Each structure stands twice: as structure tokens, then as C-alpha cells.
Amino acid sequence: MLAGWKRLVREKGGLAQFIRYLFVGGSSVVVDFAVFELLLHLLGIEDLLLAGAFLVKPEKAANAAAVVIGFLYSFILNRTWAFQSKDNLFRQLGLMILLLAFNTVITSEAVSFLGRELGVAFAVAKLTMQFAVALWNYIIYDKIIYRS
């Protein structure tokens, strides 16, 4: 597996691209996490009643909003700076939206499960999932979304 990561770093944009990706990813984590913590603090931990009919767990709402804001930040910087892509914007945006939907569902469920069922602090659960997402996203970005 380590050999696979080394090959990814050496191909195409090489080490500089990987370092830019890590910077964008790291700063995206800060943006995402800060929004999550702020919203969770504002919403509290009691279930929310939306539109008079839907009960929503606040950690899921906070996570979903944080993921969307982090997505916009990440998409712009990864496209223009980390991967320096000139490919079709709408194709990439469409793929990124699909990835965003997948990441949002998986991380929201995982954060809620880890926090409520296993007693892991929501902040720790969120950071754990952000790390996992960073690993699989680099491969998807490099091989599918921002491929040359």
C-alpha cells in the first residue's frame, strides 16, 4: 500500500502537487471543523425540529453544513492551485458534488454513531472521519476528478 502512495506522489504533479493537496486539505479541515464546532455550539445537543415535521440531530446538521462550506473552499483551491486543472469545470463540479454527497452521508452517520453509540467525543469523531476522507479523496481527485 505504501508503494501505491509513493507512486501517486511521483506521478503527474509529483511531490509539489501532493504538498499543495495536503495544505489545501489541512486548511479545509480547519475551516470544516471550525464551522462544525461553531454550529454545534449554537444548535446545542437537543434534536432540532425543522419545518415543523422533521427531527434532525444537531451534530448531523452541523456536520452537513460544515462539509458543504469546506467543500466549496476545497474545490476552488484544489482545482486552481493544488491540481492546477484546466479541464471541464462542470464535469469536475458534478463529480465533486457526487463525492460531497457520499462524504456527507458517510461522515454524518459515522460522527453520530461514534458519538452517540460508542461515546466518542463528537470533536474526536469528526477529526477521525476527516482524516479518513482525506485519504480516499486524494486518490479520487488524482485518478478521476482532476486527471489529466
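A short tour of the structure in this document, coming up. Along each chain, the written sequence defines residue order, and numbers are assigned to residues from 1. Local features in this predicted model are restricted to residues of pLDDT 70 or higher, and side-chain atom pairs are both shown and tallied only at a pLDDT of 80 or more, whereas totals for entire chains, interfaces and linings draw on every residue. Working from all heavy atoms in the structure, the side-chain values ignore hydrogens and water.

### Quick look at the overall build of the protein
How we decide: Counting from the N terminus, the helices are DSSP H or I runs at least four residues long and the strands are E runs at least two residues long. Per-residue accessibility, obtained with a 1.4 Å probe over protein chains only, is compared with the maximum for each type, and a residue is labelled buried under 20%, exposed over 50%, and partly exposed between these values. The criterion used for residue contact is that any of the two residues' heavy atoms lie within 4.5 Å. Each accessible area is a Shrake-Rupley estimate made with a 1.4 Å probe; only the visible protein chains count as cover when residues are assessed.
Summing up its helical and strand segments, the protein has five helices and two strands in all. What you see in the protein, going N to C, is helices and strands ordered as α-α-β-β-α-α-α. Buried positions account for 38% of the 148 residues belonging to the protein. Long-range contacts, defined as pairs at least 24 residues apart, comprise 70% of the intrachain contacts of the protein with a sequence gap of at least 6. A total accessible area of about 8,500 Å² is found for the protein, and carbon and sulfur atoms account for 73% of it.

### Topic: the nonpolar core
Nonpolar side chains tend toward joint burial in soluble globular proteins. As a reminder, the rule being used: Think of a nonpolar core as a cluster: buried Ala, Val, Leu, Ile, Met, Phe, Trp, Tyr and Cys residues, connected wherever their side-chain atoms sit within 4.5 Å.
Counting residues in each nonpolar core, the largest one holds 15 residues, and the members touching the most others are Phe83, Met96, Tyr141, Ile145 and Tyr146. Those elements giving two or more residues to this core turn out to be α2 (14–43), α3 (58–82), α4 (89–117) and α5 (122–145). For this core, the element with the highest residue contribution is α3, accounting for four residues. Excluding residues that lie within four positions of it along the chain, phenylalanine 83 makes contacts with Gln17, Tyr21, Asn78, Tyr138, Tyr141, Asp142 and Tyr146.

### Digging into unusual backbone geometry
Here the phi dihedral of glutamine 84 falls at roughly 45 degrees; this positive angle occurs in a residue that is not glycine. Taking the relative accessible area as the measure of exposure, glutamine 84 reaches 47% and is therefore partly exposed.

### Let's talk about a nonpolar patch on the surface
Stated precisely, the cut-off is as follows: Residues qualify for a patch when their relative accessible area is over 30% and they have no salt bridge, like charges being joined within 9 Å and the nonpolar side chains of Val, Leu, Ile, Met, Phe, Trp and Tyr within 5 Å. Salt bridges are defined by distance alone: a side-chain nitrogen of Lys or Arg within 4 Å of a carboxyl oxygen of Asp or Glu.
A surface patch of nonpolar side chains, amounting to about 260 Å² of accessible area, comprises Phe102, Val105 and Ile106. As for its placement among the helices and strands, isoleucine 106 is situated in helix α4. Taking the relative accessible area as the measure of exposure, isoleucine 106 reaches 32% and is therefore partly exposed.

### Side note on the packing of α2 against α5
Filter applied, for reference: Helix axes are fitted only over the stretch in contact, all axes being lines through C-alpha atoms; the angle between N-to-C directions runs from 0 to 180 degrees. Helix crossings get a hand from a simple test, with the near helix turned counterclockwise from the far one by less than a right angle marking a left-handed crossing and a clockwise turn marking a right-handed one.
It is at 10 Å that the axes of α2 and α5 come closest, and there the two elements cross at 145 degrees. Here α2 and α5 pass one another in a crossing that is right-handed. Across the interface between the two elements, Gln17, Phe18, Tyr21, Val29, Asp32, Phe33, Phe36, Glu37 and Leu40 from α2 touch Phe122, Ala123, Lys126, Leu127, Gln130, Ala134, Asn137, Tyr138, Tyr141 and Asp142 from α5.

### Topic: the side chain of aspartate 32
The residue aspartate 32 is located in helix α2 in this model. In contact with aspartate 32, other than residues within four places in its own chain, are Ala66, Val67, Lys126 and Gln130.

### Remarks on the side chain of serine 112
The following threshold applies: Any pair of nitrogen or oxygen atoms within 3.5 Å is treated as a polar contact; in protein, a donor-acceptor pairing is required on top of that, and neighbouring residues in sequence qualify only through side-chain atoms on both sides.
For serine 112, the location among the structural elements is in helix α4. Only 3.2 Å separates the side chain of serine 112 from the side chain of glutamate 59, close enough to count as a polar contact. When near neighbours in sequence (up to four residues on either side) are disregarded, serine 112 contacts Lys57, Glu59, Lys60, Glu117 and Phe122.

Structural measurements only, silent on function.
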